[in-house]
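Single-letter residue listing:
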Protein chains: 4
Amino acid sequence: MSIPQKKNWKTKLHEIIYEADTPAGRLFDLVLMVTIITSILLVMLESVKSIDAKFHNILNVSEWMITILFTFEYIARIISVKKPFQYIFSFYGIVDLLSTIPKYISLIFGGVHALAALRALRLLRIFRILKLARYLGASNNLVRALKASRAKISVFLFTVVIVAIILGTIMYLVEGEENGFTNIPKSVYWCIVTLTTVGFGDIAPQTPLGQFIASLVMILGYGIIAVPTGIVSAEYTAQNKPKQELEKGELHLNTQSCPSCSAEKHKDNAEFCYNCGHKLQHA
Amino acid sequence: MSIPQKKNWKTKLHEIIYEADTPAGRLFDLVLMVTIITSILLVMLESVKSIDAKFHNILNVSEWMITILFTFEYIARIISVKKPFQYIFSFYGIVDLLSTIPKYISLIFGGVHALAALRALRLLRIFRILKLARYLGASNNLVRALKASRAKISVFLFTVVIVAIILGTIMYLVEGEENGFTNIPKSVYWCIVTLTTVGFGDIAPQTPLGQFIASLVMILGYGIIAVPTGIVSAEYTAQNKPKQELEKGELHLNTQSCPSCSAEKHKDNAEFCYNCGHKLQHA
Amino acid sequence: MSIPQKKNWKTKLHEIIYEADTPAGRLFDLVLMVTIITSILLVMLESVKSIDAKFHNILNVSEWMITILFTFEYIARIISVKKPFQYIFSFYGIVDLLSTIPKYISLIFGGVHALAALRALRLLRIFRILKLARYLGASNNLVRALKASRAKISVFLFTVVIVAIILGTIMYLVEGEENGFTNIPKSVYWCIVTLTTVGFGDIAPQTPLGQFIASLVMILGYGIIAVPTGIVSAEYTAQNKPKQELEKGELHLNTQSCPSCSAEKHKDNAEFCYNCGHKLQHA
Amino acid sequence: MSIPQKKNWKTKLHEIIYEADTPAGRLFDLVLMVTIITSILLVMLESVKSIDAKFHNILNVSEWMITILFTFEYIARIISVKKPFQYIFSFYGIVDLLSTIPKYISLIFGGVHALAALRALRLLRIFRILKLARYLGASNNLVRALKASRAKISVFLFTVVIVAIILGTIMYLVEGEENGFTNIPKSVYWCIVTLTTVGFGDIAPQTPLGQFIASLVMILGYGIIAVPTGIVSAEYTAQNKPKQELEKGELHLNTQSCPSCSAEKHKDNAEFCYNCGHKLQHA
């Protein structure tokens, strides 16, 4: 029943940039994603001195091209949206701006050290890919499982931090400054490195007692990794189940509503309302 | 039916300090938690030599302020509780006392090395935060799952320790003292480091045979991590199930049978048969 | 009803080489597997200089024997198959060829450095063992579970890579070149080392802020390992269920046998045979 | 109906040594366990040079006491058992003998280096504690779950080893001898260290390409740890379920109702009512 309307160019631009259900919109998103990944690779390569020395000009020109592309995109976004200021001051609006200005600033100041810090802002462009991750779908149950287990995982991580502080201080007292445990924050850092089974080895206990306590820390860490895993497994299984049961068929009560008493959630093969006994009408 | 009573100040103080169901009680707990965290941060910062050298006076004054606050709290707890001696000799009573006395002792003796050991006692204050962790709730099922899997995880950890002792001794014989495996306890320590996938790298096998056995240890460790995780997952799923089904609500159909058509699996609140519309009879 | 046919030698050869349901075919597969494993061990031993120096001749002769065996096998495969060219240009055909030619090429050129690269091609022989892995069976549900969770695990790994890039760049800015974080790709590499809880320790944060961020990275890595584990657990449980229930099938039914019709597997509280209606006798 | 019998001393000794259902038998097992643990601690302490230098005599005397105790126990086991030779040549019989003889041999030869090897045999005593682990119980489901998942975990570990060989050879070619990847076996060892997330750091990739491949190895290792965990979780849940479902009780019974007695929950293939024997009517 929708009446086809002539869309003006602003609406069309909005459709291309902000939506992904037209071929042009999908193409735009794809091009944008490729550009963002390229720009991140450029930032990475620029930080490698030997590459920057050899290919400085190529990197610089590519960087300018991407900056100009992002600038046009930023302007197009402002034009096509209905409430431009709401976009400009939104999270993605600020990220989009910060993706373009560092290069312009470098034009004025050209400072080498200032650029190092500004490059980091450009990294935020990657969030636009995260936005695209939505289209990957397939992770709805996963996200719901993670949300459901958020509180429990917080309690768990809180416990890990407390355990790390207590055991870190004990290790500081046992090992002391001569064995690399120079202060409590560093010992707590070591304890987190060990509890999480990362184990860099830049600091390692030297005394027998320290190694004994470290063994306990490691076995503890090895044991408690089971906790977040167990939580996510269980929650995810729980999130997954409704679908399974749909397949089986009995759980789900249909969407009929009793014509007499409006009671809902009747069994699929119900002929009469369970609440008032009135005959149900099927579609 | 409860008759409102005039509470004397002792009862009110008890309510504020020991309970958390009045605004004042909740505020007290919050202030206490912030103070404990601050005091732990102070202990940590004091252990960093460069910070202690610069801000010794500020840290010392803050430390005194917190000590005095904890002293007042300790006295208030003794006054407000009905059986003071039971509190004083309880676990938390001793922890509360140990949280305050080190600073006073430092006033008398002032020894630098003695303080290092005494500071550790202060760390025990953190257990009061653990007490607060109760309010975080959301972990009842988790705690029950961990309790249910306690016995199995103990058997598992016991097996890990035995495996570590056996493999550690073998590594001691294979690698020998010249490659860092100076004695059996150290080799067992290395074995725990490896089995738990921590891998500091301060000791690492040098001989081909030692590296081959180490590979087996690692693959074994990688495999057995599945055991505690599997236990907790399964127990947690089991703990989680009853609640889930309660939440779904419409899953459980009762055991009534229609007196007219013998239809079964009526919803719990059903008054009429869904099959023939006959009135159901309740027990 | 199958009429026994005289098979010509080509068909028989095909049966031996490509199939595994005759004693000869099974023997061929076993001999092939042992030969492949031996050839891989030879390649490994040749790369150890001290062993190569001592046993160069033995290794060289063994290598030639295996190469000739593989050559005969390759020719036999071409002869016995109906469409030889389809085999030659198939994945396994190319792998089979690449398993034999390096040694012949070494005969012509005999270059030491060229051989080092060519040896790698020989490694591809191992894929033939992977082909044999089919016979190990027992992993159908596992493979289906992994396929079902492929999309979710991709999303997960994609997120891990993005997190590693963001945190790696932050670490590059925080730690800087003087602490080993010489460029962004290396920092991202460090971040992956840390997130996956591998923790080599060749690069480790030195500044307090860097160690604090590293602690967050580690706890994050420790927490997110729960995600793929949870996914596979849940999917595998889902894949496993139908079979389990089939197997149980008879669960909860007692061991009674009907005195009239000998039907078994009656329900525990059964009074009459479900098959013939005869009264059951209880012990 | 069992007639109380006068037990001779041999039977009583057998009861004490081999069984654990009398107070004396339980005490014997406890004393034995403590003695074994003590003897292991002695072997460990003897291997520490500084301790051995100081307390050589105490360790030696304790060692002799335990050796004599084990000798008496060994003789008592031979006497009390009905088929002594079957015991002597059983696994535990050999372990028991090997637990005692090294010290006697040291009396004759007294060699320092020979002892080092012989001490390892003594370690086998620990298996007697493993035998005691049975009494810890609580792990029946766990053992059954591990047995059920044995085949799948073997396939998994086999795949891990193949992946390690392939990636190890690639790393050998990429990094080369100058970066610590001196030969293929060592590279495969490094690959196992990395895949299992142990990460000693004694060998670490230095080239950008090597670090990139290492990143892939780590993410792969991080991902595949989910597989054994998922298998054990699922199997353990399956082992755990029968108990759960027994509680529920309804599974796999159809929805038929006996036309005569209205009994429900008939087996799917039931022809007659289990309650009254009336013929069931099928749809």
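Residues numbered from 1 in each chain as written. Chains lettered and ligands numbered in written order. Predicted model: local features only at pLDDT ≥ 70, side-chain atom pairs only at ≥ 80, totals over all residues. Heavy atoms only, no water.

Regarding its fold elements, chain A presents 13 helices and zero strands. Taken from the N to the C terminus, the helices and strands of chain A come in the order α-α-α-α-α-α-α-α-α-α-α-α-α. Counting every position in chain A, which comprises 283 residues, the buried fraction comes to 47%. As displayed, chain A has an accessible area near 14,700 Å², and 67% of this comes from carbon and sulfur atoms. (Helix = DSSP H or I, 4+ residues; strand = E, 2+ residues; numbered from the N terminus. Buried < 20%, exposed > 50% of the residue type's maximum accessible area, 1.4 Å probe, protein only. Areas by Shrake-Rupley, 256 points an atom, 1.4 Å probe, with all protein chains shown as cover.)

This model, assessed by the stated rule, comprises 11 cavities of 30 Å³ or more. Each pocket or cavity is described by its volume, and for the second largest cavity that value is around 70 Å³. (1 Å grid on protein atoms, 1.4 Å probe; cavity = no way out; pocket = protein on both sides within 12 Å on 5 of 7 lines; lining within 4 Å. Points joined across faces, edges and corners; volume = space filled by probe spheres on them.)

This part takes up the packing of aromatic side chains. This structure, assessed with the given rule, holds 19 aromatic pairs over all chains. When the centroid spacing of 6.1 Å and the interplanar angle of 45° are considered together, the rings of Tyr 74 of chain B and Tyr 87 of chain B count as tilted. Highlighted residues: Tyr 74 of chain B in helix H3 (residues 49-80) and Tyr 87 of chain B in helix H4 (residues 84-88), separated in sequence by 13 residues. Both residues of the pair, Tyr 74 of chain B and Tyr 87 of chain B, count as buried. Between Trp 190 of chain B and Phe 200 of chain D the ring centres are 6.0 Å apart and the planes differ by 25°, which places this aromatic pair in the stacked class. One end of the pair, Trp 190 of chain B, is in helix H11 (residues 184-195); the other, Phe 200 of chain D, is in the loop between helix H11 (184-195) and helix H12 (208-224), on a second chain. By the burial criterion, Trp 190 of chain B is buried, and Phe 200 of chain D matches it. (Phe/Tyr/Trp six-rings, centres within 6.5 Å; stacked < 30°, edge-to-face > 60°.)

Attention now moves to a nonpolar patch on the surface. Residue and element names in this part refer to chain C. A surface patch of nonpolar side chains, amounting to about 730 Å² of accessible area, comprises Trp 9, Ile 68, Phe 72, Ile 75, Ile 79, Leu 97, Ile 101 and Tyr 104. Of all the secondary structure elements, the ones that give two or more residues to the nonpolar patch are helix H3 (49-80) and helix H5 (91-108). Among the elements that take part in the nonpolar patch, H3 stands out by supplying four residues, more than any other. Within the fold, Phe 72 resides in helix H3. Classification of Phe 72 as exposed rests on a relative accessible area of 58%. (Patch = residues over 30% accessible without salt bridge, like charges linked within 9 Å, V, L, I, M, F, W, Y side chains within 5 Å. Salt bridge = Lys/Arg side-chain N within 4 Å of Asp/Glu carboxyl O.)

A separate point is H5 of chain C. Think of an α-helix as turning once every 3.6 residues; residues three or four places apart then point the same way. Residues and elements named next belong to chain C. Here H5 is 18 residues long and its end C-alpha atoms lie 26 Å apart, about the 26 Å a rise of 1.5 Å per residue gives. Its axis deflected by about 35° at Ile 101, H5 carries its strongest bend there, up to four residues before the proline Pro 102. Buried residues of H5: Gly 93, Val 95, Asp 96, Ser 99, Thr 100, Pro 102, Lys 103 and Ser 106, and no others. Sitting at the head of H5, Ser 90 places a side-chain oxygen 3.1 Å from the backbone nitrogen of Gly 93. (Expected span 1.5 Å × (residues − 1). Bend = angle between axes of the 7 residues up to and from the residue. Polar contact = N/O pair within 3.5 Å; in protein donor to acceptor, adjacent residues only side chain to side chain.)

With that settled, the discussion passes to the side chain of Thr 35 of chain C. Residue and element names in this part refer to chain C. Take Thr 35: it is sitting in helix H2 (residues 23-47). Looking at Thr 35, the relative accessible area reads 12%, which means it is buried. In terms of polar contacts, Thr 35 uses its side chain to reach the backbone carbonyl oxygen of Val 31, at 2.6 Å.

For the rest of this paragraph, the subject is the UniProt feature "transmembrane region" (unreviewed entry) in chain A. All names here are of chain A. Listed under "transmembrane region" (unreviewed entry) in the UniProt record, and renumbered for this structure, are residues 27-45, 57-81, 101-121, 153-174 and 212-234. For residues 27-45, the helix share is 100%, the strand share is 0%, and the end-to-end C-alpha distance is 27 Å. Here residues 212-234 is 96% helix and 0% strand, with 34 Å between the C-alpha atoms at its ends. (UniProt positions renumbered as here; feature names shortened; annotations may be inferred.)

Bringing the environment of Val 217 of chain A into the picture now. All names here are of chain A. Mapped onto the elements, Val 217 comes out in helix H12 (residues 208-224). Val 217 sits 54 residues away from Val 163 along the chain, and the two C-alpha atoms are 9.3 Å apart. Once residues lying within four places of it in the same chain are set aside, the contact partners of Val 217 are Leu 167, Cys 191, Thr 194 and Leu 195. (Contact = heavy atoms within 4.5 Å.)

Our focus in this paragraph is the packing of helix H11 (residues 184-195) of chain A against helix H11 (residues 208-224) of chain C. Following both chains from N to C, one finds H11 of chain A and H11 of chain C inclined at 25°, their axes separated by 9 Å at the closest point. Here H11 of chain C runs roughly parallel to H11 of chain A, going by the angle between their axes. Crossing of H11 of chain A over H11 of chain C shows left-handed handedness. Contacts between H11 of chain A and H11 of chain C involve Lys 186, Tyr 189, Ile 192, Val 193 and Leu 195 of chain A from the former and Gln 211, Ala 214, Ser 215, Met 218, Ile 219 and Tyr 222 of chain C from the latter. Residue composition of the contact of H11 of chain A with H11 of chain C, by class: eight nonpolar, two polar and one charged. (Axes fitted to C-alpha atoms, helices over the stretch in contact; angles between N-to-C directions. Parallel < 35°, antiparallel > 145°, perpendicular 65-115°, else oblique. Left-handed = near helix turned anticlockwise from the far one by under 90°. Nonpolar A, V, L, I, M, F, W, Y, C, P; charged D, E, K, R; others polar.)

The topology assignment puts Thr 67 of chain D in helix H3 (residues 49-80). Spatially, the C-alpha atoms of Thr 67 of chain D and Pro 102 of chain D are 9.0 Å apart, while their sequence positions differ by 35 residues.

Okay, the packing of helix H2 (residues 23-47) of chain A against helix H10 (residues 184-195) of chain C next. Between H2 of chain A and H10 of chain C, whose axes approach to 7 Å, the crossing angle comes to 105°. Classified by the angle their axes make, H2 of chain A and H10 of chain C are roughly perpendicular. Mapping the contact onto sequence places Val 43, Met 44 and Ser 47 of chain A in H2 of chain A and Ile 184, Pro 185 and Val 188 of chain C in H10 of chain C.

Residue and element names in this part refer to chain C. Structurally, Glu 175 can be placed in helix H9 (residues 150-175). Each C-alpha atom, one on Glu 175 and one on Ile 192, is 16 Å from the other, the two residues being 17 residues apart in sequence. With sequence-adjacent residues up to four places away left out, Glu 175 is seen in contact with Phe 181, Pro 205, Gln 206, Thr 207, Gly 210 and Gln 211. Looking at Glu 175, its side chain comes within polar contact range of the main-chain nitrogen of Gln 206, at 2.9 Å.

Right, let's get into the side chain of Glu 73 of chain D. Considering the arrangement of structural elements, one finds Glu 73 of chain D in helix H3. Of note is the side chain of Glu 73 of chain D, whose polar atom sits 2.6 Å from the side chain of Arg 77 of chain D.

A separate point is the pattern of salt bridges. Residue and element names in this part refer to chain B. Tallying each qualifying case throughout the model produces 12 salt bridges over all chains. We note a salt bridge from Asp 96 to Arg 77, for which the minimum N-O separation is 3.8 Å. Note that Asp 96 is positioned in helix H5 (residues 91-98) and Arg 77 in helix H3, a separation of 19 residues in sequence. You can call Asp 96 buried: its relative accessible area is 4%. A relative accessible area of 2% means that Arg 77 is categorised as buried.

Attention shifts here to the confidence of the model for chain A. Residues and elements named next belong to chain A. Summarising the model, chain A shows a mean pLDDT of 75, and 70% of its residues fall at 70 or more. Element-level pLDDT for chain A is lowest in helix H8 (residues 126-136), with a mean of 53, against a maximum mean of 91 in H11. Taken together, the stretch residues 243-254 has pLDDT below 50 and engages in 20 contacts with residues farther than four places along the chain or on a different chain. Among the prediction metrics, the complex's ipTM stands at 0.73, with pTM recorded as 0.76. (pLDDT = per-residue confidence, 0-100.)

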